[in-house]
Protein chains: 2
Amino acid sequence: MAATIRDVARASGVHVSTVSRTFSAPHLVNPETRNRVLAIAEDLGYRPNRAARALTTGRTHNLGLIVADISNPFFPPLIKAAQAHARLRDYHVFVADTDEDPQVEEELIQTLTKQVDGVLLCSPRLSNRAIEKLGEDVPFVVVNRRLKGMSTVLMDVGNGARLAIEHLMTLGHRRIALLAGPAGSWTSREMSDAARAMDGIELSILGPNSPTEHGGLAAADAVLAADVTAVLAYNDLMAIGLVEGLDERGVEVPGRISVVGVDDIVPGRLTRPKLTTVAMPTEAAGRTAVDLLLQLVGAGETATPALATLATHLIIRDSTGPVPP
Amino acid sequence: MAATIRDVARASGVHVSTVSRTFSAPHLVNPETRNRVLAIAEDLGYRPNRAARALTTGRTHNLGLIVADISNPFFPPLIKAAQAHARLRDYHVFVADTDEDPQVEEELIQTLTKQVDGVLLCSPRLSNRAIEKLGEDVPFVVVNRRLKGMSTVLMDVGNGARLAIEHLMTLGHRRIALLAGPAGSWTSREMSDAARAMDGIELSILGPNSPTEHGGLAAADAVLAADVTAVLAYNDLMAIGLVEGLDERGVEVPGRISVVGVDDIVPGRLTRPKLTTVAMPTEAAGRTAVDLLLQLVGAGETATPALATLATHLIIRDSTGPVPP
DNA sequence: ATGAAAGCGCTAACAA
DNA sequence: TTGTTAGCGCTTTCAT
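Cut-offs applied
- Starting afresh in each chain, residues are numbered from 1 along the sequence in its written order.
- Whichever chain is written first becomes A and whichever ligand is written first becomes 1, with later ones labelled in order.
- Only residues with pLDDT of 70 or above have their local features reported here, since the model is predicted, and side-chain atom pairs are shown and tallied only from 80 upward, although totals for entire chains, interfaces and linings are computed over all residues.
- With hydrogens and water set aside, each side-chain value is computed from the structure's full complement of heavy atoms.
- Strands here are runs of E lasting at least two residues and helices are runs of H or I lasting at least four, both read from the DSSP assignment and numbered beginning at the N terminus.
- Multiplying 1.5 Å by the helix residue count minus one yields the expected span of that helix.
- Remark: exposure states derive from per-residue accessible area (1.4 Å probe, protein chains only) relative to the maximum for the residue type, with buried under 20%, exposed over 50%, and partly exposed in between.
- N or O atoms within 3.5 Å of each other form a polar contact, as long as, within protein, one can give a hydrogen and the other can take it, and as long as residues adjacent in sequence are counted only when both atoms are side-chain atoms.
- One heavy atom within 4 Å of a molecule or strand makes the whole residue count as near it.
- Classification used: nonpolar for Ala, Val, Leu, Ile, Met, Phe, Trp, Tyr, Cys and Pro, charged for Asp, Glu, Lys and Arg, polar for all others including Gly.
- Two strands make a pair as long as DSSP finds a minimum of two bridges between them.
- Here, the term right-handed applies to a crossover whose path from the first strand over the helix to the second runs clockwise when the strands point away from the viewer.
- All the domain ranges listed were derived from an automatic or database domain assignment.
- Salt-bridge detection follows one rule: a side-chain nitrogen of Lys or Arg within 4 Å of a carboxyl oxygen of Asp or Glu.

- An unreviewed UniProt entry annotates chain A as LacI family transcriptional regulator of Acrocarpospora macrocephala.

Encoded structure:
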């Protein structure tokens, strides 16, 4: 069995409360005593038990991170960044995957609640109502969904869409299709709102589509039928699938149709042609979300929700080119 | 504040121990009482506090999962599978990324130890000695590294290499290069051992190399210098980089050189040519590792380490073809 | 600066 | 079947 605070107390001839103070309020203990205790603790390999500590302090020093699908390449950089950022602040993080299932999401949040100081909800599938309800039990930060009264991290995909379309217009494109994402996706809605607001183009909105390679592949015919010269896809996976589908039908990218994706996932720069894309600040989102969450946690009852909107930017690669004559 | 066991006890007019039993040993309590307690608990939104429970039972129902790099596409499927499998067994999982730093790895394990029943170590960078030492405090399962006396999950990459080379030989290739991984990688060593043991080929071992796209790109010249007609790369990322490097030099894949990767990551089937690869059973590894770990946890002191070796298989796609005339 | 004592939420003998 | 009691490892008043 690992050493407890009592072992250390006994070995150093002081009371447990002194050992406790040595770790949680060092300035309250005589330097001499402190050093002795520290040395003995080191010797015994003592580490404070965080769970036990949490019982009295109410702070677990754990965070929950809930995502829809870990294996979607969009998430790992976010998870990595959030986790690294949390570690610097002495927090551990539970990662849970809901498999896109709202039921699982809810269950997970409930069982996690007691063990964490706060939860990071990424692209939640739960209803607003449900989220607000759960928010009474534990501080939340929501990523990629707008929720009144809750701390939120948004990526400015609306502006990203704008940049992408401007880029296409510069290349001479006027007939442009937007390959929408899943129904009810906040991101997808943002994109179409932004696109619709732009002057000088003829916009076809195609969808909803599954946000996967297959979704893009399946949309190839619809894209051809729409008679456009350029496409902005909901995400890179779909864009890649679309390029594949067009290729199968003998349509060259960007020769005959230009394609832009969103996310800037790794595969996007590995495929050929390399994908032009709207880069999402996933790492920054992870860090920011942790910051906001820890802010909430620190504030306690007086917590006031914050909104962070992170900039996106366009990465021009090889899947976009001048409009064909 | 969320409801505690005491609130439920008070509201249902029974003692806390009865409430406790209702949840942890339902058969010991009168059905009538049980239902009443359950109803009231439900009403109050009571959920047992796992951390508090852990204090007395010694079981946290948490697992630690430590990986070298979450954003390496190899890991997410493993994490996802492990996490899902753990959830079914009512376990939560802490995920931590060491950023390939042994120091961080050790620190992480130490701080996590008290909060988990066991730790999953994936492709550890720590020395064997250090791991064995830490293993005294908490049950471990090691993935992708052979460690005597510890439960281990291995993927049979040796056989995978064999399959890949046989495939190449069938296509007529005789001069084959092995693009090695990082120095000291168990996987890399397995591959070269297997390759060396094969008859009828002229093998060049090139490396060590960084296990990244860039590592493959940088190895393109060495491959050309080796005058081979086929290459087996340490992983898909390197294979993809190599294809890119060869392409830049005007060398066609598979026209002039065939390339095989290892891992079967998503980008591999998105690039062109689609990558022939040795598929690693990452999901199965995640599940198996959790099983072995839970087995250890359940066994307590009498625990006996197990070794699971998971089969790999070859996926033939477009980056391999007949040897050029 | 340190010790004594109570208590966090829960479980686990032991009685009754 | 249920209640009583002690205690898990730690923090936190309150004394001293």
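### Points about helix 12 (residues 236-248) of chain B
Since there are 3.6 residues in each turn of an α-helix, residues three or four apart along the chain are aligned in direction.
Residues and elements named next belong to chain B.
Then comes step 1: Spanning 13 residues, helix 12 covers 18 Å between terminal C-alpha atoms, matching the ideal 18 Å at 1.5 Å per step.
Then comes step 2: Listed as buried for helix 12 are Asp236, Leu237, Met238, Ala239, Ile240, Gly241, Leu242, Val243, Glu244, Gly245 and Leu246.
Then comes step 3: Measuring from the side-chain oxygen of the N-cap residue of helix 12 to the backbone nitrogen of Leu237 gives 3.3 Å; that N-cap residue is Asn235.

### Comments concerning the protein's contact with DNA strand D
Then comes step 1: The environment of DNA strand D is made up of 27 residues, and the closest members are A:Ile5, A:Arg53, B:His15, B:Arg21 and B:Thr33.
Then comes step 2: Restricting the count to atoms of DNA strand D within 4 Å of the protein gives a sugar and phosphate share of 62%.
Then comes step 3: Take B:Ser17: an N or O atom from its side chain is 3.4 Å from a base nitrogen of DNA strand D.
Then comes step 4: At the level of elements, helix 1 (5-12), helix 2 (16-24) and helix 4 (50-57) of chain A together with helix 2 (16-24) and helix 4 (50-57) of chain B are the ones that each hand at least two residues to the surface near DNA strand D.
Then comes step 5: It is helix 4 of chain A that provides the largest number of residues to the surface near DNA strand D, a total of five residues.
Then comes step 6: Of the residues assigned to the surface near DNA strand D, the class counts are nine nonpolar, 13 polar and five charged.

### Focus: the pairing of strand 4 (residues 140-143) of chain A
Residue and element names in this part refer to chain A.
Then comes step 1: The side-chain alternation of strand 4 yields two buried faces, one formed by Phe140 and Val142 and the other by Val141 and Val143.
Then comes step 2: Note: strand 3 (residues 118-122) against strand 4, four bridges, orientation parallel. Across the sheet, the residue bridging to Leu120 is Val141, located in strand 4.
Then comes step 3: In this fold, the crossover linking strand 3 to strand 4 by way of helix 7 (residues 128-134) has right-handed handedness.
Then comes step 4: Pairing geometry for strand 4 and strand 5 (residues 151-155), over three bridges, is parallel. Opposite Val141, over in strand 5, you have Ser151 as the bridge partner.

### What to know about the protein's contact with DNA strand C
Then comes step 1: As a structural note, the neighbourhood of DNA strand C is formed by 28 residues, with A:Arg21, A:Thr33, B:Ile5, B:Ser20 and B:Arg53 the closest of them.
Then comes step 2: A share of 62% of the atoms of DNA strand C within 4 Å of the protein falls on sugar and phosphate groups.
Then comes step 3: The contact in question runs from a phosphate oxygen of DNA strand C to an N or O atom on the side chain of B:Arg53, over 2.5 Å.
Then comes step 4: Broken down by secondary-structure element, the contributors of at least two residues to the surface near DNA strand C are helix 2 and helix 4 of chain A together with helix 1 (5-12), helix 2 and helix 4 of chain B.
Then comes step 5: A class-by-class count of the residues in the surface near DNA strand C yields 10 nonpolar, 13 polar and five charged.

### Describing the domain arrangement of chain A
Then comes step 1: Once the domains are mapped, chain A shows domain 1 (5-48), domain 2 (62-155 + 282-310) and domain 3 (157-280).
Then comes step 2: Distance from the C-alpha centre of domain 1 of chain A to the C-alpha centre of domain 2 of chain A: 36 Å.

### Regarding the pattern of salt bridges
Then comes step 1: Going through the model one piece at a time under the given rule, you end up with 32 salt bridges over all chains.
Then comes step 2: Close ionic contact of B:Asp291 with B:Arg89 constitutes a salt bridge, the shortest N to O distance being 3.6 Å. Here the residue B:Asp291 occupies a position in helix 14 (residues 282-299), and B:Arg89 occupies one in the loop between helix 5 (75-88) and strand 2 (92-97), the gap between them amounting to 202 residues.
Then comes step 3: Several salt bridges converge on common partners, so that one network encompasses A:Asp69, A:Asp97, A:Asp99 and B:Lys80.

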